[in-house]
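Spelled out, the chains give:
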Amino acid sequence: MLKVLTEKERKIVEEYLERNHIETTFLIGNVKYFGFENKKDVRRCGDYFGYFEEGELKGIIPFYNLGSCIPHFESQNAVPYFIDLMKNRDFKYLLGMRRLVEPLYNGIKDFKHNASVDEDAYYVNNNFKHFKLEGIEIKNYYELNLEKAVEFIVEANRVGFKNTAYSIEEATKTLNQRPVEEDYLFVLKDGRIVATGCIQTTTDKIGQIGGVYTTPKERGKGYCKAVVSELCKRIIDRGKTPTLMVRKNNTPAVRAYEFLGFEYYDEYVIIEF
């Protein structure tokens, strides 16, 4: 049985998410900070559906206002129910561990226009090695001119992540709607922003890093490694474990993350429709 999840199911949802903590990091953070009510002007609110077997929650599929669908299931029996739901929902991104996303994608690909598939890997850092780069400043977004921070986030999305439709309005919401522990850091060289990275979501155990970008003319100088190192330090200082996703063919980024102590955890897929 598939049903809409509300605050009445919070306890059983939290128990489910805790059983699958690493695989449901996005869901945990969004439920924690934004709840089940879908406030349409909040990017990380959405509609949550649960799959139940004999009264026990065995799968969750959310559709977020920012356009992402991040499903998780413990029972393969959830797959046809999720597929039927996804065929009739409007979303732009399908993401998660490959073994979860692949059967769902195979069931809906003939009903959705596929734009791209990113082959990623999920990494966990239990052996952090700090890296410090001289001659730079690293500041949080609220320490900077908001307009300049927003402009750089737009550049990162359009140039670095090929999201050409990403707008100033979206970037502003990204900053204004952040929970306190989700640092959005910028690397400054001689007063200019040259790189960025953020904590995408946080739970009581994990801080997941993302949005790492260096402007093209400044690459190869250690800025990516420096900002990720600082994010790791902040996450660990809070008693949590740093994690992140990286494209498997992005060799410079993979090497930088492994230098900092990250180790491979599982295959991850991001599909853009």
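Note that the structure is a prediction, hence the values are computed from the model and not measured.

What counts and what doesn't
- Residues numbered from 1 in each chain as written.
- Predicted model: local features only at pLDDT ≥ 70, side-chain atom pairs only at ≥ 80, totals over all residues.
- Heavy atoms only, no water.
- Helix = DSSP H or I, 4+ residues; strand = E, 2+ residues; numbered from the N terminus.
- Rg over C-alpha atoms; globule rule 2.2 N^0.38 Å.
- Buried < 20%, exposed > 50% of the residue type's maximum accessible area, 1.4 Å probe, protein only.
- Contact = heavy atoms within 4.5 Å.
- Areas by Shrake-Rupley, 256 points an atom, 1.4 Å probe, with all protein chains shown as cover.
- Lys, Arg positive; Asp, Glu negative; His and termini not counted.
- Charge placed at Lys NZ, Arg CZ, Asp CG, Glu CD.
- Core = buried A, V, L, I, M, F, W, Y, C linked by side-chain atoms within 4.5 Å.
- 1 Å grid on protein atoms, 1.4 Å probe; cavity = no way out; pocket = protein on both sides within 12 Å on 5 of 7 lines; lining within 4 Å.
- Points joined across faces, edges and corners; volume = space filled by probe spheres on them.
- Arc of directions from axis to C-beta.
- Domains from an automatic or database assignment.
- Buried area = accessible area lost by both parts, 1.4 Å probe.
- Salt bridge = Lys/Arg side-chain N within 4 Å of Asp/Glu carboxyl O.

**Some points on the overall build of the protein chain**
Argument step 1. Looking only at helices and strands, the protein chain features 8 helices and 13 strands.
Argument step 2. Here the protein chain has a C-alpha radius of gyration of 19 Å; the compact-globule value for 273 residues is 19 Å, and the two agree.
Argument step 3. In terms of its C-alpha atoms, the protein chain occupies a principal-axis envelope of roughly 60 × 35 × 35 Å.
Argument step 4. In the protein chain, buried positions account for 52% of the 273 residues.
Argument step 5. Pairs at least 24 apart in sequence give 66% of the contacts found in the protein chain among residues at least 6 apart.
Argument step 6. Only carbon and sulfur atoms are counted for the fraction: they give 48% of the accessible area of the protein chain, which is about 13100 Å².
Argument step 7. Counting 40 positive and 41 negative side-chain charges, the protein chain places the averaged centre of each group 3 Å from the other.

**Quick notes on the nonpolar core**
Argument step 1. By size, the foremost hydrophobic cluster in this structure holds 44 residues, and its most contacted members are I60, M86 and L94.
Argument step 2. Residue contributions to this core peak at 6 residues, all from helix α3 (residues 78-87).
Argument step 3. Residues contacting L94, with those up to four places away along its chain left out, are C69, P71, M86, V101, Y105, I108, V269, I270, I271 and F273.
Argument step 4. In this structure, V187, A195, V227 and L231 belong to the second largest nonpolar core, which totals 26 residues.

**Details of the layout of surface pockets**
Argument step 1. The volume enclosed by the second largest pocket comes to roughly 160 Å³.
Argument step 2. Taken together, R10, E14, L17, E18, H21, I28, V31, K32, T203 and D204 make up the full set of residues lining the second largest pocket.
Argument step 3. Breaking the lining of the second largest pocket down by element, the ones donating at least two residues are α1 (10-19) and α2 (25-34).
Argument step 4. A total of 4 residues in the lining of the second largest pocket trace back to one element, the largest contributor, which is α1.

**Describing α1**
Residues spaced three or four apart along an α-helix face the same direction, because each turn holds 3.6 residues.
Argument step 1. Among the residues of α1, those classed as buried are V13, Y16 and L17. The arc that holds the buried residues of α1, viewed along the axis, is 95°, so those residues lie on one side.
Argument step 2. On the buried face of α1, the contacting elements are α2, β3 (56-64) and β5 (72-73).

**Re the domain arrangement of the protein chain**
Argument step 1. Along its sequence, the protein chain is organised into domain 1 (2-113) and domain 2 (136-267).
Argument step 2. The gap between the C-alpha centroids of domain 1 and domain 2 is 25 Å.
Argument step 3. Every contact between the two is made by 19 residues of domain 1 and, on the other side, 20 residues of domain 2.
Argument step 4. Between domain 1 and domain 2, roughly 1800 Å² of surface is buried when both sides are summed, and carbon and sulfur atoms account for 54% of that area.
Argument step 5. Looking at the side of domain 1 facing domain 2, the largest losses of area belong to T25, F26 and R43, adding up to 30% of the total buried there.
Argument step 6. Viewed at the interface, domain 2 and domain 1 are joined by 2 salt bridges.
Argument step 7. Between R44 and E182 there is a salt bridge whose closest N-O contact spans 2.6 Å.

**A closer look at unusual backbone geometry**
Argument step 1. Positive phi is not limited to glycine here, since K162 has a value of about 60°.
Argument step 2. For K162, the position within the fold is in the loop between α5 (146-160) and α6 (168-176).
Argument step 3. Even without being a glycine, D190 presents a positive backbone phi close to 55°.

**Considerations on helix α8 (residues 251-259)**
Argument step 1. Buried within α8 we find A253, V254, A256 and Y257. Angularly, the buried residues of α8 cover 165° about the axis, an arc narrow enough to put them on a single face. Facing away from the buried side of α8 by more than 90 degrees, the exposed set consists of P252 and R255.
Argument step 2. On the buried face of α8, the contacting elements are β7 (116-125), β11 (206-214), α7 (223-237), β12 (241-247) and β13 (262-272).
Argument step 3. Downstream of α8 by one or two residues, G261 has phi in the positive range, about 110°.

**Digging into the pattern of salt bridges**
Argument step 1. Enumeration over the complete set of coordinates arrives at 24 salt bridges.
Argument step 2. Residues E23 and R99 are paired through a salt bridge, measuring 2.4 Å at the closest nitrogen-oxygen approach. With E23 in the loop between α1 and α2 and R99 in helix α4 (residues 98-108), the pair connects residues that are 76 residues apart, well separated along the chain.
Argument step 3. For R99, a relative accessible area of 47% puts it in the partly exposed group.
Argument step 4. Residues R192 and E218 are paired through a salt bridge, measuring 3.4 Å at the closest nitrogen-oxygen approach. Taken together, the residues R192 in strand β10 (residues 192-202) and E218 in the loop between β11 and α7 connect sequence positions 26 residues apart.

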